[in-house]
Amino acid sequence: MSNRMWGGRFASGPAEIMEEINASIGFDKRLAPQDIRGSLAHVAMLGKAGILPAEDVAAIEEGLKAVRGEIEAGQFTFRRDLEDIHMSVESRLREIVGPTAGRLHTARSRNDQVATDMRLWVRDTLDDLDAQAADLQRALAETALAHAGTVMPGFTHLQSAQPVTFGHHLLAYVEMLARDRGRFRDARARLNECPLGAAALAGTSFPIDRHATAAALGFDRPTANSLDSVADRDFALEALSAAAIAAVHLSRFAEEIVVWTSAQFGFVKLSDRFTTGSSIMPQKRNPDAAELVRAKSGRVIGALSALLIVMKGLPLAYSKDMQEDKEGTFDALQTLSLCLAAMAGMVRDLEPVPEVLKAAAGSGYATATDLADWLVRELGLPFRDAHHVTGRLVGAASARGIGLEALSLDEMRAEEPRITAAIYDVLGVENSVGSRTSYGGTAPANVRAQAERWLGLLGQAPA
């Protein structure tokens, strides 16, 4: 008696441990909707090409729709002994329509079948991620517009550098997410070729119409080389690469939220909806959602690394190693989806504390560059000379433990005799941010314009 999956070449079933390592149904069952979509397109093409009679096509289509209904209703039994989603669907189809079900696999292999299923799943998921990233952009742009003039410290090396506005800071992440979305769309465009019909690796002798199945499944075209069709996982690698970069962006912002909500900073507040308490310290409000977003970036980055390592040494064409593409890809892209949703919720929940932000913006001699720029602009000093004068003034103020604005005019003139009282106009943080009117700068008018532009691009009228 031959093996029910692999035919006459195998006289007995696999060892128990072989079944344990070989079976993928525990995770590839989530490809069921894509698998049935692909099978419906394939059997319709077989009928139009005259490879299968119309009555067989109709029976198989009806059976596949019945299987899909069972899966959607949660009534389908995923059997581990059937190894994967493809055999599980085909086995149930045979129970429904009889031996005719065996004709469905004409002119295809599980190799091109799974490659098609995975492309469909990744494509669907990239569309969802793009929509979620756009929602996070909207949340950021809304908050940026509301806080276009809320002054805060800008940092380099996590040291106070120059004053910026809270809205300007948030819009930086809108720009990052725009690039993330561009990478999602680029990955989608490159994966949108259909492997179905490449069969095991060499194509098929049946007169199939691969352009028809590609069009039916929403692909731009069929893949052009049958070996590459079944051996390629670039589409998953590229999606994971885009996801890893996006996860890093979210992790950076999550880190800032963790820092900003600490008692030592106190820049923003999060409500009970996105914080947790301590089992022993009743005063604690922990930014756990942000911390988890920060941590989960490791899972996304790890999935990319793992699949790169799986693929790096594989000769053409298909090898069973490639079964390891699924769990990491599923987990990473769904993890990113969760993080995008959590971050959008936190952005809409967080409440900046303007008085704390403004006080911090004025600390650390953050307007020193404004002083140097004034010396260049008003007195004509070369910037390097202005830099040295300003540095000496910062040193004098620091020695006395006061701000630059607290130095007297005489103390200023001791370093540069031509300084006038107008210098004090640039030492306030509002004046500082207001002066940064260059394109992309932090001036509140710029921030409002950019926030409104983004809300328009994202299909939302500014409030």
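Just so it is clear, the structure is predicted and the values come from calculations on it, not from any experiment.

Caption draft 1: Structural context of unusual backbone geometry. Residue Ala 317 is bonded to the preceding Leu 316 through a cis peptide linkage, with omega at 10°. The residue Ala 317 is located in the loop between helix H11 (288-311) and helix H12 (325-349) in this model. Notably, Glu 83 is not glycine yet its phi reads approximately 80°, a positive angle. Given the relative accessible area of 4%, Glu 83 is considered buried. At Leu 158, a residue that is not glycine, the phi angle is positive and equals roughly 60°. By secondary structure assignment, the location of Leu 158 is in the loop between strand S1 (151-156) and strand S2 (159-165). We classify Leu 158 as exposed; its relative accessible area is 58%.

Caption draft 2: Spatial organisation of the nonpolar core. Counting residues in hydrophobic clusters, the biggest one holds 96 residues, and the most contacted among them are Leu 136, Leu 140, Leu 250, Phe 253, Leu 336, Met 343 and Met 346. Considering every element that reaches this core, the biggest residue donor is helix H10 (residues 234-260), with 16 residues. Beyond its immediate chain neighbours, meaning those up to four positions away, Met 346 contacts Ile 257, Leu 270, Phe 274, Ala 289, Ala 290 and Val 293.

Caption draft 3: Representation of the environment of Arg 400 within the structure. Relative to the helices and strands, Arg 400 resides in helix H15 (residues 383-400). Residue contacts for Arg 400: discarding those within four places in its chain leaves Leu 407 and Glu 411. Looking at Arg 400, its side chain comes within polar contact range of the side chain of Glu 411, at 2.3 Å.

Caption draft 4: Representation of the side chain of Glu 83 within the structure. Here Glu 83 shows up in the loop between helix H4 (54-72) and helix H5 (85-97). Within the local environment of Glu 83, its side chain forms a polar contact with the side chain of Lys 320, the two groups lying 3.1 Å apart.

Caption draft 5: A look at the UniProt feature "domain: Argininosuccinate lyase C-terminal" (unreviewed entry) in the chain. Following the UniProt record, the feature "domain: Argininosuccinate lyase C-terminal" (unreviewed entry) maps to residues 365-433 here. The span residues 365-433 carries 61% helix and 0% strand; its end-to-end C-alpha distance comes to 14 Å.

Caption draft 6: Here's a closer look at the pattern of salt bridges. Taken as a whole and judged by the stated rule, the model has 31 salt bridges. For the salt bridge of Arg 103 with Asp 56, the shortest nitrogen-to-oxygen distance reads 3.0 Å. Of this pair, Arg 103 sits in the loop between H5 and helix H6 (110-146) while Asp 56 sits in helix H4, placing them 47 residues apart in sequence. You can call Arg 103 partly exposed: its relative accessible area is 42%. For the salt bridge of Glu 378 with Arg 377, the shortest nitrogen-to-oxygen distance reads 3.7 Å. Each of Glu 83, Asp 84, Arg 110 and Lys 320 takes part in one network of salt bridges that share partners.

Caption draft 7: Broad picture of the domain arrangement of the chain. The domain boundaries assigned to the chain delineate domain 1 (17-103), domain 2 (110-202 + 224-360) and domain 3 (363-459). Computed from C-alpha coordinates alone, the two centres of domain 1 and domain 2 are separated by 34 Å. With 18 residues of domain 1 in contact, the opposing surface of domain 2 contributes 16 residues. In terms of surface lost to domain 2, no three residues of domain 1 exceed Phe 27, Arg 30 and Leu 31, which account for 37% of the buried area on that side. Remark: the boundary between domain 1 and domain 2 carries four salt bridges. Between Glu 83 and Arg 110 there is a salt bridge, and its shortest N-O distance comes to 3.3 Å. If you look at where domain 1 meets domain 2, you find eight residue pairs in polar contact (both at pLDDT 80 or more). Residue assignment for the side of domain 1 that touches domain 2 shows that the elements contributing at least two residues are helix H1 (16-22), helix H2 (25-28), helix H3 (32-48) and H5. Residue contributions to the side of domain 1 that touches domain 2 peak at six residues, all from H3. A class-by-class count of the residues in the side of domain 1 that touches domain 2 yields five nonpolar, seven polar and six charged.

Caption draft 8: Representation of the pairing of S1 in the model. Note: S1 against S2, six bridges, orientation antiparallel. Across the sheet, residue Phe 155 finds its bridge partner in S2, namely Ser 160. Once S1 ends, the chain turns through two residues before running back antiparallel as S2, passing His 157 with a positive phi of about 60°.

Caption draft 9: Broad picture of H5. With 13 residues, H5 should reach 18 Å at 1.5 Å per residue; the first-to-last C-alpha distance of 18 Å fits that figure. Those residues of H5 that fall on the buried side of the exposure criterion are Ile 85, His 86, Met 87, Ser 88, Val 89, Glu 90 and Leu 93. Elements that come into contact with the buried residues of H5 comprise H2, H3, H4 and H6. Its side-chain oxygen placed 3.1 Å from the backbone nitrogen of His 86, Asp 84 serves as the N-cap of H5.

What counts and how
Residues numbered from 1 in each chain as written. Predicted model: local features only at pLDDT ≥ 70, side-chain atom pairs only at ≥ 80, totals over all residues. Heavy atoms only, no water. Helix = DSSP H or I, 4+ residues; strand = E, 2+ residues; numbered from the N terminus. Buried < 20%, exposed > 50% of the residue type's maximum accessible area, 1.4 Å probe, protein only. Core = buried A, V, L, I, M, F, W, Y, C linked by side-chain atoms within 4.5 Å. Contact = heavy atoms within 4.5 Å. Polar contact = N/O pair within 3.5 Å; in protein donor to acceptor, adjacent residues only side chain to side chain. UniProt positions renumbered as here; feature names shortened; annotations may be inferred. Salt bridge = Lys/Arg side-chain N within 4 Å of Asp/Glu carboxyl O. Domains from an automatic or database assignment. Buried area = accessible area lost by both parts, 1.4 Å probe. Nonpolar A, V, L, I, M, F, W, Y, C, P; charged D, E, K, R; others polar. Pairing = 2+ DSSP bridges. Expected span 1.5 Å × (residues − 1).

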